[in-house]
Amino acid sequence: MTAASALDKLPAARRANLLRRYAVKWGFSPDQVEQVVQASGDQPCPLDDRALPDVSAILADDGRYHLATNGKPACAGTKVRRSQRSYRHTMTCHWWLQDGVRRFGNSMPMDAERFEIHTAWVVELGTERIPAGSVAPHLRCPLPVSLMWPRYLGGDTPISRIRGQLIAVFGEACAICGRAAQYVDHDHDSGLVRGMLCEYCNVSVEWCPHLTGCAFGDYLASPPAHSLAIRYPNRGRRRLAPLPSPAQRMARRAEIEEAAKRARQPL
Ligand SMILES: [Zn+2]
Ligand SMILES: [Zn+2]
Ligand SMILES: [Zn+2]
C-alpha cells in the first residue's frame, strides 16, 4: 500500500474495520481491500440499492403473531396470495421415546422410533402489521423454522431505554435511509451509541467504503447520537479475536452451511 492510498484517507478505526471485515468474510488481502475502496471512489455506494425484505408481524385470530415478509405471512407457504386474509396453517410435532420418556427436539437417535402428530387450523389475519422485533417470544408463531424472527426489542432493558432516549430526540426513522428504525447502533471501538438504524443499515453500514458523499459514509463521519454521548451498555464485554487462518475460515463456513442445511430440514 502506498502513502496516498484510498484506505489511508479513512479514519484509522474505519480502515482497520474494513480490512478486518473483508479479510474475515472474503479472505481479502490489504491490497485487495485497497482496490475495492479505490474502485468505489466516485461510484454510488454499493450498499444503496440493496435491501432486506420488509419483515413484519401480523396478529391473527388464533392469538399468535405470524411473521410476514413483504406483507405475506411466511408460514402460509405458497398456498396463499397476498390479498387473501385467511389460510390453512399446518404444524407437525414430533417426538421419540427414550426409556419410556417423551423427548422433543432435533437430537433424535438414528434407531429411535419417530412419533408425529399433524395439526391444521384456519388462520384469519388481522390488517395491522407491526415491527416483528416488538412481538414478545411467547406470542410468536414458531413457523417456518427456516425464517428467523428478529431479536425481541421490547421489555425494560438498558438497550430499550437508550432506544427510547434516541426516539425522543431523533424520531423513529433510520438515520441513514429513513425507513422504520429499531436498532441502537454503536461504534465498537469507542463504545459510543451512533444512532437508530433499520435492520439493513445496521448490518451493512460498516461495509461502506466511502469517506463522505454517501449516506452511510456521512453517518459514520458524524453519527447523529454522538452529541448525546451515550455509552453502549455492552461495552467492555467484547474482545478482539485474532484473524482466523484460511483453513479456520473454511472450517467455519462448512459449519455454518451444515447448520443451515439442518435448519432447512422439515420438522
Ligand atoms: Zn458508501
Ligand atoms: Zn404462523
Ligand atoms: Zn436504514
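Residues numbered from 1 in each chain as written. Chains lettered and ligands numbered in written order. Predicted model: local features only at pLDDT ≥ 70, side-chain atom pairs only at ≥ 80, totals over all residues. Heavy atoms only, no water.

- Taking an unreviewed UniProt entry as the reference, the protein is identified by name as Endonuclease belonging to Amycolatopsis thailandensis.

**Topic: the pairing of strand β2 (residues 65-69)**
Consecutive residues of a regular strand have side chains that alternate between opposite faces of the sheet.
Link 1 in the chain: Burial analysis of β2 places four of its five residues in the buried class, which makes it a mostly covered element.
Link 2 in the chain: Pairing of strand β1 (residues 55-60) with β2, which is carried by five bridges, proceeds in the antiparallel orientation. By the bridge assignment for β2, Ala57 is matched with Leu67.
Link 3 in the chain: The loop that links β1 with its antiparallel partner β2 comprises four residues; one of these, Gly63, has a positive phi angle of about 85 degrees.
Link 4 in the chain: Note: β2 against strand β3 (residues 72-73), two bridges, orientation antiparallel. Across the sheet, residue Ala68 finds its bridge partner in β3, namely Pro73.
Link 5 in the chain: Where β2 folds back on β3, the antiparallel hairpin that results is connected by two residues, among which Asn70 adopts a positive phi of roughly 50 degrees. (Buried < 20%, exposed > 50% of the residue type's maximum accessible area, 1.4 Å probe, protein only. Helix = DSSP H or I, 4+ residues; strand = E, 2+ residues; numbered from the N terminus. Pairing = 2+ DSSP bridges.)

**Examining the coordination of the zinc ion (ligand 3)**
Link 1 in the chain: With distances of 2.3 to 2.4 Å, the protein atoms coordinating the zinc ion (ligand 3) are Cys174 (SG), Cys177 (SG), Cys198 (SG) and Cys201 (SG).
Link 2 in the chain: Coordination at the zinc ion (ligand 3) is tetrahedral, judged from the four donor atoms that bind it and the angles of 102 to 117 degrees they form at the metal.
Link 3 in the chain: Site description for the zinc ion (ligand 3): donor spacing in sequence, C-x2-C-x20-C-x2-C. Placement of the pair is Cys177 in the loop between α3 (158-170) and β7 (183-186) and Cys201 in helix α4 (residues 199-204), with a sequence separation of 24 residues.
Link 4 in the chain: On the basis of relative accessible area, Cys177 is assigned to the partly exposed category, the value being 37%. (Donors = N, O, S within 2.8 Å, 3.2 Å for Na, K, Ca; no water. Tetrahedral: all angles 85-135°; square planar, octahedral: opposite > 155°, others 65-115°.)

**Quick word on the coordination of the zinc ion (ligand 1)**
Link 1 in the chain: Taken together, the protein donors to the zinc ion (ligand 1) comprise Cys45 (SG), Cys208 (SG), His210 (ND1) and Cys214 (SG), at separations of 2.2 to 2.4 Å.
Link 2 in the chain: Coordination at the zinc ion (ligand 1) is tetrahedral, judged from the four donor atoms that bind it and the angles of 98 to 118 degrees they form at the metal.
Link 3 in the chain: When the donors of the zinc ion (ligand 1) are listed by position in the chain, the intervening gaps give C-x162-C-x1-H-x3-C. Here Cys45, found in the loop between α2 (30-40) and β1, pairs with Cys214, found in the loop between α4 and α5 (215-221); they are 169 residues apart in sequence, far enough to count as distant.

**Structural notes on the environment of Arg21**
Link 1 in the chain: Relative to the helices and strands, Arg21 resides in helix α1 (residues 12-26).
Link 2 in the chain: For the pair Arg21 and Glu206, spaced 185 residues apart in the sequence, the C-alpha separation amounts to 8.6 Å.
Link 3 in the chain: Within polar-contact distance, the side chain of Arg21 engages the side chain of Glu206 at 3.2 Å. (Polar contact = N/O pair within 3.5 Å; in protein donor to acceptor, adjacent residues only side chain to side chain.)

**Considering the confidence of the model for the protein**
Link 1 in the chain: Averaged over all residues, the pLDDT of the protein equals 84, while 90% of them reach at least 70.
Link 2 in the chain: Mean pLDDT values for the elements of the protein range from 78 in helix α6 (residues 246-264) up to 95 in strand β8 (residues 193-197). (pLDDT = per-residue confidence, 0-100.)

**Brief notes about the pattern of salt bridges**
Link 1 in the chain: Taken as a whole and assessed by the stated rule, the structure comprises six salt bridges.
Link 2 in the chain: Between Glu206 and Arg21 there is a salt bridge; the shortest N-O distance is 3.2 Å. Highlighted residues: Glu206 in the loop between α4 and α5 and Arg21 in helix α1, separated in sequence by 185 residues.
Link 3 in the chain: Under the relative-accessibility criterion, Glu206 is labelled buried at 11%.
Link 4 in the chain: A residue is classified by how much of its surface remains accessible, and Arg21, at 24% relative accessible area, is partly exposed. (Salt bridge = Lys/Arg side-chain N within 4 Å of Asp/Glu carboxyl O.)

**What about the packing of aromatic side chains?**
Link 1 in the chain: Overall, the coordinates contain four aromatic pairs when judged by the stated rule.
Link 2 in the chain: Both rings, one in Tyr22 and one in Phe28, keep their centres 5.5 Å apart while their planes meet at 25 degrees; by these two values the pair is stacked.
Link 3 in the chain: Exposure remark for Phe28: the relative accessible area of 27% places this residue in the partly exposed category.
Link 4 in the chain: On the numbers, 6.5 Å between centres and 50 degrees between planes, the contact of Trp95 with Phe104 is tilted.
Link 5 in the chain: For Trp95, a relative accessible area of 14% gives the class buried.
Link 6 in the chain: Judged by its relative accessible area of 52%, Phe104 falls in the exposed class.
Link 7 in the chain: Each member of the aromatic cluster is reached from another via a ring pair, and the members are Tyr22, Phe28 and Trp207.
Link 8 in the chain: Positioned over the ring face of Trp95 is Arg102, at 4.5 Å from the centre of the ring. (Phe/Tyr/Trp six-rings, centres within 6.5 Å; stacked < 30°, edge-to-face > 60°. Lys NZ or Arg CZ within 6 Å of the ring centre and 35° of its normal.)

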